[in-house]
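A closer look at the structure
For reference, the chains in residue letters:
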Amino acid sequence: MSINRCNISGNLTRDPEMRALRNGTQVLSFGVAVNDRRKNPQTGDWEDYPNFVDCTMFGSRAEAVSRYLAKGTKVAIEGKLRYSSWEKDGQRRSKLEVIVDEIELMSQRQQAPADVYDEDCPF
């Protein structure tokens, strides 16, 4: 038996994109930047190296969550990894993405007052 769970936290790299599958299921796609910290061998200084993670969320929660997300929003995500591969223009392509099960906003939107934000947030 294997366990496929991952937890990441970081900032959205772009505004989320909402679309619908043929069967009507809502799909929310967004990217999250997470940092890896390592020592620079030339200078000896610690440096942050960004990793960019594609994330996908499905269903009615995806539509509700999309209203609260924007580029730069800090989030914590729990989900599972999914590998996809396809062929495009004669070249084999692949990606590893996180299928989001749970999402928590770590920063509030600038325009929303704190008391309204907490009451209206669907997650």
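From a predicted model like this one, the values you see are computed outputs, not experimental measurements. Going along each chain's sequence as written, the residues are numbered from 1 onward. Side-chain atom pairs in this predicted model are given and counted only at pLDDT of 80 or more, local residue features only at pLDDT of at least 70, and totals for whole chains, interfaces and linings cover all residues. Each side-chain value is derived from all of the structure's non-hydrogen atoms; neither hydrogens nor water enter the calculation.

**Re a nonpolar patch on the surface**
- Residues with no salt bridge and a relative accessible area higher than 30% make up the patches, which join like charges within 9 Å and nonpolar side chains (Val, Leu, Ile, Met, Phe, Trp, Tyr) within 5 Å. Method for areas: the Shrake-Rupley scheme with a 1.4 Å probe, in which residue coverage is limited to the protein chains shown. One speaks of a salt bridge when a side-chain nitrogen belonging to Lys or Arg is within 4 Å of a carboxyl oxygen belonging to Asp or Glu. Taken together, the side chains of Leu81, Tyr83 and Leu96 make up a nonpolar region of the molecular surface, amounting to roughly 330 Å² of accessible area.
- Within the secondary structure, tyrosine 83 sits in strand S5 (residues 74-88).
- A simple rule labels every residue: compare its accessible area, found with a 1.4 Å probe on the protein chains alone, to the largest value its type can have, and call it buried under 20%, exposed over 50%, or partly exposed in between. Residue class for tyrosine 83 comes out exposed when judged on its relative accessible area of 57%. For the purposes of this entry, the term helix denotes a DSSP run of H or I that reaches at least four residues, the term strand denotes a run of E that reaches at least two, and both are numbered from the N terminus.

**A short note on the pairing of strand S2 (residues 17-20)**
- When DSSP finds at least two bridges between two strands, those strands are taken to pair. Both S2 and strand S3 (residues 26-39) contribute to a ladder of four bridges, which runs antiparallel. In the sheet register, glutamate 17 faces S3, and the bridge partner there is serine 29.
- Between S2 and S3, which follow one another and run antiparallel, lie five residues, and glycine 24 among them has a positive phi close to 95°.

**Describing the nonpolar core**
- Throughout this description, the term nonpolar core refers to a set of buried Ala, Val, Leu, Ile, Met, Phe, Trp, Tyr and Cys residues connected via side-chain atoms within 4.5 Å. With 20 residues, the main nonpolar core has Phe30, Val32, Cys55, Leu69, Ile77 and Ile103 as its most contacted residues.
- Only strand S1 (6-12), S3, strand S4 (46-58), helix H1 (60-66), S5 and strand S6 (91-105) provide two or more residues apiece to this core.

**Thoughts on the confidence of the model for the protein chain**
- For every residue, the predictor reports its confidence as pLDDT, a number between 0 and 100. Looking at the protein chain, the pLDDT average stands at 89 and 87% of residues meet or exceed 70.
- Any two residues whose heavy atoms approach within 4.5 Å are treated as being in contact. Within the model, the stretch residues 111-118 combines pLDDT values under 50 with eight contacts to residues more than four positions away or in other chains.

**Some points on the pattern of salt bridges**
- For the structure shown, the criterion picks out eight salt bridges.
- Two residues, lysine 95 and glutamate 97, come together in a salt bridge whose shortest N-O distance is 3.9 Å.
- Accessibility expressed as a relative area gives 33% for lysine 95, which makes it partly exposed.
- Note on glutamate 97: relative accessible area 3%, which makes it buried.
- It is possible to trace a salt-bridge network through shared partners that takes in Arg5, Glu78 and Asp101.

**Points about the packing of aromatic side chains**
- Only rings of Phe, Tyr and Trp enter the pairing, Trp through its six-membered ring, and a pair is recorded when the two centres are within 6.5 Å. The plane angle decides the type: under 30 degrees is stacked, over 60 is edge-to-face, the rest tilted. Going through the model one piece at a time under the given rule, you end up with zero aromatic pairs.
- When the NZ atom of lysine or the CZ atom of arginine is within 6 Å of a ring's centre and also within 35 degrees of its normal, the charge is said to sit over that ring. Over the face of the ring belonging to tyrosine 49 we find arginine 38, whose NZ or CZ atom lies 3.8 Å from the ring centre.

**Details of the side chain of threonine 73**
- As for its position among the elements, threonine 73 is in the loop between H1 and S5.
- For threonine 73, the side chain forms a polar contact with the main-chain oxygen of alanine 70, separated by 2.8 Å.
- With near-sequence residues (within four places) excluded, threonine 73 lies in contact with Gly10, Asn11, Leu12, Tyr68, Leu105 and Ser107. Counting of polar contacts relies on pairs of N or O atoms within 3.5 Å, with two restrictions inside protein: one atom must be capable of donating a hydrogen and the other of accepting it, and residues adjacent in sequence are counted only when both atoms are side-chain atoms.

**So, the pairing of S1**
- Taken together, the six bridges between S1 and S5 define a ladder with antiparallel strand orientation. Each residue of the ladder has a partner; that of asparagine 7, found in S5, is glutamate 78.
- Bridging between S1 and S3 involves two bridges; their strand directions are antiparallel. If you follow asparagine 11 over to S3, its bridge partner there is alanine 33.

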